[in-house]
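Residue-level structural notes
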Amino acid sequence: KDIAILKSPFRCPFLALLVCFSTFYRVMNAIIAPDLVQDFHLDAEELGLLGSAFFYTFAIFQMPMGVLLDRVGPRRTISFFLLVATAGTLFLACANTFCTAFLGMAFIGAGMSSVLMGSFKVFVNRYPMRRFATLSGSIISIGALGSMLATSPLVYLNSIIGWRSTLIYSGLITAALSAVIFYLLDEGHTEKKKHMSQVSPHKQKMAIMKPIQILVSHLFFWQIGLMAFFRYGTFGALQGVWLGPYLMVVKHFHPITAGNILMMLSVGSILGSPLAGYLAEKVIRNTKFILMLGVGCYTLLLLPLTGIWNVESAIAYSVLFFFLGFFNGFGMLAFLHIK
């Protein structure tokens, strides 16, 4: 019991560090895209496909991940899938062909699919319900630091040791975090698990499928899901793949300048997520209104990227990207509705 008490304060910082690595992996392609194009002789279609490999497996694994977190627990689930992500980084770092690189990105996406949902599961198991919004907003905000690391710092590391060595070191840190998480977390809810182990396999399967059937039969599930599809779908594609090559190739910004501009997306997200939670809980106290306000502003801010007017200044792009990230951070409130 004393060891468990000592471990408790360290859970959240290490979970936040994992979310940092998850966001780092998902957006790093925007910075190393020129190197990927050169090393693997990619065209635009193949570059987009390689960048999306992370998101394909990340999305595919979410549904079984929920079942695993409920049945197996976050400790073993997160630890195991972090090792999968480690294998993916090594695959990608050593890749000589597009297929091997795609496989590496897919493994990274599968491994990192456990991190955010696993953290939410820990919050549900170990902390009062009233703290969920604050904890989830904070961990998403801190996790956005990972996307900052995938901007100018990654440009610097890439120029010093190359993207392959950077990935190898990242993979080794991910493996170390797997061991740390396995040590720090405990499964909890022992009595509930003991009860479930005594239930027949058929009834256990029914218990797993019933919540899924309830969810997909309700309109609110599809409303929140479609909003996430278009909000984070556009943000993830822009931040994770296309804005980096656009700034460097089309607008002819230096890689460091492009990295600094892209960093503003992360800075905005870091500030937007906790502020949205604060407004929803303490000021306006209307989660739906704050959520829709943020998503509406985010949508309007996408218009300058459609070519309605020409943007050339690095400062103008920085301001635009800051507010894109800021209002995208309001989307975190959807997790509170889901909870």
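Computed from a prediction, not measured in an experiment: that's the story for all the values here. (Residues numbered from 1 in each chain as written. Predicted model: local features only at pLDDT ≥ 70, side-chain atom pairs only at ≥ 80, totals over all residues. Heavy atoms only, no water.)

1. Things to note about the nonpolar core
- Ranked by internal contacts, the top residues of the largest apolar core, which has 78 residues, are Tyr25, Met28, Met112 and Phe321.
- Here this core gets eight residues from one element, more than from any other, and that element is helix 1 (residues 2-27).
- Setting aside anything within four residues of it in sequence, one finds Met28 in contact with Leu92, Met105, Ile108, Ala150, Leu154 and Leu167.
- Judged by nonpolar contacts, the second largest core, of five residues, contains Leu69, Phe81, Val84 and Ala110. (Core = buried A, V, L, I, M, F, W, Y, C linked by side-chain atoms within 4.5 Å. Buried < 20%, exposed > 50% of the residue type's maximum accessible area, 1.4 Å probe, protein only. Helix = DSSP H or I, 4+ residues; strand = E, 2+ residues; numbered from the N terminus. Contact = heavy atoms within 4.5 Å.)

2. Quick look at the side chain of Ser22
- Along the polypeptide, Ser22 turns up in helix 1.
- A polar contact of 2.8 Å, which involves the side chain of Ser22, links it to the side chain of Arg26.
- Discounting chain neighbours no more than four positions away, the residues touching Ser22 are Phe54, Phe58 and Met112. (Polar contact = N/O pair within 3.5 Å; in protein donor to acceptor, adjacent residues only side chain to side chain.)

3. Some words on the confidence of the model for the protein chain
- Summing up the model confidence of the protein chain, the mean pLDDT is 82 and the portion of residues at 70 or higher is 90%.
- Ignoring residues within four places in sequence, the model shows residues 1-7, a span with pLDDT below 50, making five contacts including any to other chains. (pLDDT = per-residue confidence, 0-100.)

4. Focus on the pattern of salt bridges
- Scanning the model with the defined rule gives three salt bridges in all.
- The salt bridge involving Asp70 is made with Lys121; its shortest N-O contact spans 2.8 Å. One end of the pair, Asp70, is in helix 4 (residues 62-71); the other, Lys121, is in helix 7 (residues 115-126), and 51 residues separate them in sequence.
- With relative accessibility at 19%, the residue Lys121 sits in the buried group.
- Here Lys251 makes a salt bridge to Glu312, at a shortest N to O gap of 3.3 Å. Within this pair, whereas Lys251 is found in the loop between helix 14 (219-250) and helix 15 (255-283), its partner Glu312 is found in the loop between helix 16 (287-301) and helix 17 (314-328), the two being separated by 61 residues in sequence. (Salt bridge = Lys/Arg side-chain N within 4 Å of Asp/Glu carboxyl O.)

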